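Here's the letter readout for the chains.
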Amino acid sequence: MKKLFIETYGCQMNVADSEVVASILASQYELTTQEDDADLILINTCAVRDNAEQRVRARLRELESWKRRRPALMVGLLGCMAERLKTQLLHDAPALDFIAGPDAYRTLPELIEKAAAGEEAYDVTLSKSETYDDIMPLRYAANGVSGFISIMRGCDNFCAYCVVPFTRGRERSRNPQTILAEARQLLADGYKEVTLLGQNVNSYRYEADGRVTTFADLMEMVALLSPQLRVRFATSHPKDISDELIHVIAKYPNVCKFIHLPVQAGSTSMLQRMRRVYTREQYLERIATIKRVVPECSIATDIIAGFSGETEEEHQATLSLMREVGYAAAYMFKYSVRDNTYAATHYQDDIPEELKIKRLEEIIALQQQLSLESNQQDVGKVFEVLVEGTSKRSADQLFGRTSQNKVAVFPKKDAKKGDYVQVRILSCTAATLMGEIV
Ligand code: 5AD
Ligand code: SF4
């Protein structure tokens, strides 16, 4: 059998998609972790910020010289960059043999055949219905304990800065029965945790035979499969965090007490420019409800620094909101203008680079402090931890995650990967909890 090497950039959705791709090609290609062995290299790309694209371009240049040495090697580009740039990259990057957008992976066998015959091979058609729901992903990237299930695709929100609605197309939800079947399969394979994935999971909505399944319904259905299976989800839009969902999180011990709720910015004026459709006050009301109904819930976020027109006052409002929420973790980015987005066509990218960097650094420094404070509050308490493996630092230590999605490290004792253990937290850093099994 021929050998396939897949490299994945960007979000968890891409990781899940790469597993779908591996499954689609499984009858023709065997996966390899050695790129030198590969007959086919697939690069699953991200277009959300320019630096992600630059990394891929550098990689393509590297592969160009490789291919001079190994002319039989084929290289295909997948994902959001493929969709955004379409055939342009086929002309710009001589290393590339073919291109497939996020909804075109079923056509990969034909694209490979065409490219092998020397024809121009690309498919960047976006679909209103493709969810790959009948394809069982080949979980080569998973650790055997925690797996992803993609439950919806695309995004209809068109936030002003974001390229995703253009690269991943319209929002569509997958049949809940196929999601449950996949979760059952993971359980049967010994998995202890599933993360329901989507660009915007809580707008999940499936309607068939007059019956509507909401995201809260779906979470409940998955939670009920087994008390031994933890359930997580990522990622959410604040406008769709319903009371029903918050109550499902509170009700089931195996639904993880963790919500990733990207705020992006802390002032209503900036949120309006970003077209986020909620105000600072509405966001804080959702946070207050979460804290009231699920007091042990931890909250993480995404923040963009230096978006168009950002005033010092707006930046300060972001910092004050971060303090008010007390995020346990955050992904923080410098604004990167993306072609075709509302911001690219209607606003100036007018914050100087140095100021963007300065504001981003302030945001990161504050988050470092908030993460440490959040972890310090856990010292002395006991948490259930799902063991994911041996710690990178020491073979005598295991690591795993609490329900709150915090990484805990502790001496092994008799525990092993896949076990649930009770861990008392003894100390911490901003990134890690350290403890012992009790
Ligand atoms: N520039 C910087 N960050 C962005 N994000 C999305 N688009 C951009 C952009 N143009 C961030 C948002 C989103 C996360 C996945 O990436 O914070 O939540
Ligand atoms: Fe992008 Fe907004 Fe959709 Fe998230 S909700 S993928 S930030 S457009």
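Think of each chain on its own: its residues are numbered from 1, step by step along the sequence as written. Going through the entries in the order they are written, you letter the chains from A and number the ligands from 1. With pLDDT at 70 or above as the cut-off, local features in this predicted model cover only qualifying residues; side-chain atom pairs require 80 or more to be listed or tallied, and sums for whole chains, interfaces and linings still use all residues. Only heavy atoms go into the side-chain values, all of them from the structure, while hydrogens and water stay out.

Colleague: Explain the overall build of the protein to me, and be specific about the residues and the numbers.
Modeller: Along its length, the protein carries 14 helices and 21 strands. Throughout, the radius of gyration refers to the C-alpha atoms, and the reference size of a globule is 2.2 Å times the residue count to the power 0.38. Computed over its C-alpha atoms, the radius of gyration of the protein comes to 22 Å, within 12% of the 22 Å expected for a compact globule of 438 residues. Principal-axis analysis of the C-alpha atoms places the extent of the protein at approximately 65 × 55 × 55 Å. In this scheme, a residue with accessible area under 20% of its type's maximum is buried, one over 50% is exposed, and one in between is partly exposed, where area comes from a 1.4 Å probe on protein chains only. Taken over 438 residues, the protein has a buried fraction of 55%. In the protein, of all internal contacts separated by at least 6 residues, the share reaching a separation of at least 24 is 72%. Accessible areas in this description were obtained via Shrake-Rupley with a 1.4 Å probe; residue shielding takes into account the shown protein chains only. When the accessible surface of the protein is totalled, it reaches about 18,900 Å², and 49% of it is carbon and sulfur. Across the protein, the 54 positively charged side chains and the 60 negatively charged ones have centroids separated by 3 Å. Per the convention used, a helix needs a DSSP run of H or I reaching at least four residues, while a strand needs a run of E reaching at least two, with both numbered from the N terminus. Should any heavy atoms of two residues lie within 4.5 Å, those residues are counted as being in contact. In this tally, Asp and Glu contribute negative charge and Lys and Arg positive charge; neither His nor the terminal groups of the chain are included. By convention, charge coordinates are those of NZ in Lys, CZ in Arg, CG in Asp, or CD in Glu.

Colleague: Hey, could you go over helix 7 (residues 176–188) for me, with residue numbers and the actual values?
Modeller: To estimate how far a helix should extend, the number of its residues minus one is multiplied by 1.5 Å. Over its 13 residues, helix 7 extends 18 Å from the first C-alpha to the last, a length consistent with the 18 Å expected when each residue adds 1.5 Å. Where helix 7 is concerned, the buried positions are P176, I179, L180, E182, A183 and L186. Angularly, the buried residues of helix 7 cover 160° about the axis, an arc narrow enough to put them on a single face. Of the surrounding elements, those touching the buried residues of helix 7 are strand 7 (146–150), strand 10 (193–197), strand 11 (205–208), strand 12 (211–214) and helix 8 (215–223). Our arc is simply the arc of the directions from the helix axis toward the C-beta atoms.

Colleague: Explain the side chain of N202 residue by residue, including any values.
Modeller: Take N202: it is sitting in the loop between strand 10 and strand 11. Residue N202 is classed as buried on the basis of its relative accessible area, which comes to 7%. Among the polar contacts listed, one links the side chain of N202 to the backbone nitrogen of H237, at a separation of 3.3 Å. In this structure N202 touches F215, S236, H237, D240, I241 and L245, once residues within four positions along its chain are discounted. Contacts described as polar in this section are N or O atom pairs within 3.5 Å, which, within protein, must combine one atom able to donate a hydrogen with one able to accept it, while residues neighboring in sequence count only if both atoms come from side chains.

Colleague: Requested: an account of the domain arrangement of the protein, with residues and values cited.
Modeller: Domain limits in this description derive from either an automatic procedure or a database domain assignment. Annotation of the protein at the domain level lists domain 1 (2–123), domain 2 (142–256), domain 3 (259–377) and domain 4 (382–437). One C-alpha centre belongs to domain 1, the other to domain 2; they are set 27 Å apart. Of the residues lining the interface, 15 residues belong to domain 1; the matching set on domain 2 comes to 15 residues. If you sort the residues of domain 1 by the area they bury against domain 2, Q12, M13 and D103 come out on top, with a joint share of 42%. When a carboxyl oxygen of Asp or Glu lies within 4 Å of a side-chain nitrogen of Lys or Arg, that pair is called a salt bridge. In this assembly, domain 1 and domain 2 are joined by four salt bridges. When the shortest N-O distance is used, the salt bridge between D17 and R168 registers 3.1 Å. Summed over the shared surface of domain 1 and domain 2, the result is five residue pairs in polar contact (both at pLDDT 80 or more). Elements supplying a minimum of two residues to the side of domain 1 that touches domain 2: helix 1 (12–24) and helix 3 (80–85). Among the elements that take part in the side of domain 1 that touches domain 2, helix 1 stands out by supplying seven residues, more than any other. By convention, the term buried area covers the 1.4 Å-probe accessible surface removed from two parts as they join, with the contributions of both added.

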